[in-house]
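Topology and contacts: notes
Now for the letters of each chain:
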Amino acid sequence: MLAQQRQQAILGLVRRDGAVRVADLVRTFGVSDMTIRRDLEVLADRGLLDKVHGGATAVAPGSTEEPGFAAKSARQQAEKEAIARHAAALVQPGTAIALSAGTTTWALAHHLTEVPELTVVTNSLPVAEVFHRSVRSDQTIVLTGGVRTPSDALVGPVAVGAIRSLNVDLLLLGVHGMSTHAGFTTPNLLEAETDRALVTAARQLIVLADHTKWGVIGISTIAQLRDAHVLISDAGMDATTRDILGGHVGELIIAEPMAAAR
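The text that follows walks through the structure, step by step, so that each part is easy to find.

The rules behind these values
- Residues numbered from 1 in each chain as written.
- Predicted model: local features only at pLDDT ≥ 70, side-chain atom pairs only at ≥ 80, totals over all residues.
- Heavy atoms only, no water.
- Helix = DSSP H or I, 4+ residues; strand = E, 2+ residues; numbered from the N terminus.
- Buried < 20%, exposed > 50% of the residue type's maximum accessible area, 1.4 Å probe, protein only.
- Polar contact = N/O pair within 3.5 Å; in protein donor to acceptor, adjacent residues only side chain to side chain.
- Pairing = 2+ DSSP bridges.
- Axes fitted to C-alpha atoms, helices over the stretch in contact; angles between N-to-C directions.
- Right-handed = clockwise from strand over helix to strand, strands pointing away.
- Salt bridge = Lys/Arg side-chain N within 4 Å of Asp/Glu carboxyl O.
- Contact = heavy atoms within 4.5 Å.

For Phe184, the location among the structural elements is in strand S11 (residues 183–186). Phe184 sits in the buried class, given a relative accessible area of 0%. Along the chain, Phe184 and Ile222 lie 38 residues apart, while their C-alpha atoms are 5.6 Å from each other.

Pasting the structure below:
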């Protein structure tokens, strides 16, 4: 297969699945790791995909574009893990918490299985599955109903109705984007409504957002920057952005990737 043909085939896989991994492409095309990485570099230079650690994801322009869970989980993995570890340290045993849908909250869920006597409310199928697999009798998991989104969130009137009947100590919220004038946003209108219900149900709001979310604006606002008691981001955030966010949110925590090392 010629390089151009292989690159077109790779692009087709990215557009179909939302994301690809270098290791999978090496097996699929029977070429070296370096060859695949060169192919991804060529496609990225042409603006046809975004390179990420270990693979590539589809380019995601537009305020209503919503990548699938698999595509988002391939992005900023080290940063999300660092953010998750810092967030887990803020969750006390015996509290009632809510986790929104998202790949960062999914990473956080793996750490929270070690926190005893939690009651967890979530509208995320992957998050609920993490707790289900942990099989802890001292944890109570409340999974809302609703319509399933591309990011595996349960949204809509059923989800909102369930959430409005609850009160939790804190909400750990993943977001699609954040900016000074739009606040924390999502590309899904129904998910925004459900997330707003989660914000209302919580006494404290902790937002989890890696540095690539800054300047990204989804079609619907979940909350304003000032509504966040804590915002946890990563060391990739530049000094100017840190200053801006530090002046809007209650507390800005920068999660250093080295802190997440095992």
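Text resumes after the structure shown.
Attention now goes to helix H7 (residues 125–134). All of the buried residues in H7 are Pro126, Val127, Ala128, Val130 and Phe131. Measuring from the backbone nitrogen of Val127 back to the side-chain oxygen at the start of H7 gives 3.1 Å, which picks out Ser124 as the cap. Positive backbone phi, approximately 50°, marks Val135, located one or two places after H7.

The subject of this paragraph is the sheet that holds strand S1 (residues 19–21). In spatial order, the strands read S1-S3-S2; together these three strands make up an open sheet with antiparallel pairing. A single partner strand is all that each edge strand has here, and the edge strands are S1 and strand S2 (49–52). Sheet twist, expressed as the mean angle between neighbouring strand axes with direction ignored, is 20°. Sheet topology note: the S2/strand S3 (residues 55–58) ladder contains four bridges and is antiparallel. Across the sheet, Lys51 pairs through a bridge with Ala56, a residue of S3.

Right, let's get into the pairing of strand S15 (residues 252–255). Across a regular strand the side chains alternate sides, sitting on one face of the sheet and then on the other. The pairing of strand S14 (residues 230–234) with S15 spans four bridges and is classified as parallel. Bridge assignment links Ser233 to a residue of S15, and that residue is Ile254. Between the parallel pair S14 and S15, the chain is carried across by helix H10 (residues 239–246), and the sense of this crossover is right-handed.

Tallying each qualifying case throughout the model produces 10 salt bridges. Across the pair Asp152 and Arg148 runs a salt bridge, and its minimum N-O distance is 3.0 Å. A relative accessible area of 16% places Asp152 in the buried class. Measuring nitrogen to oxygen at the nearest pair gives 3.1 Å for the salt bridge that ties Asp169 to Arg203. Of the two residues, Asp169 is situated in strand S9 (residues 168–174) and Arg203 in strand S12 (residues 202–208); the sequence distance between them amounts to 34 residues. The exposed category is assigned to Arg203, whose relative accessible area is 63%.

Sheet architecture is open: three strands sit in the order S10-S11-S13, paired in antiparallel fashion. If you trace the sheet from one side to the other, it starts and ends with strand S10 (177–179) and strand S13 (220–223), each paired once. If you compare each strand with its neighbour and ignore which way they point, the axes differ by 40° on average. Strand direction decides the pairing type here: S11 and S13, joined by three bridges, are antiparallel. From the neighbouring strand, Thr186 faces S13, where its bridge partner is Ser220. Along the sheet, helix H9 (residues 189–201) contacts S11 and S13; its crossing angle with S13, the most-contacted strand, is approximately 10°.

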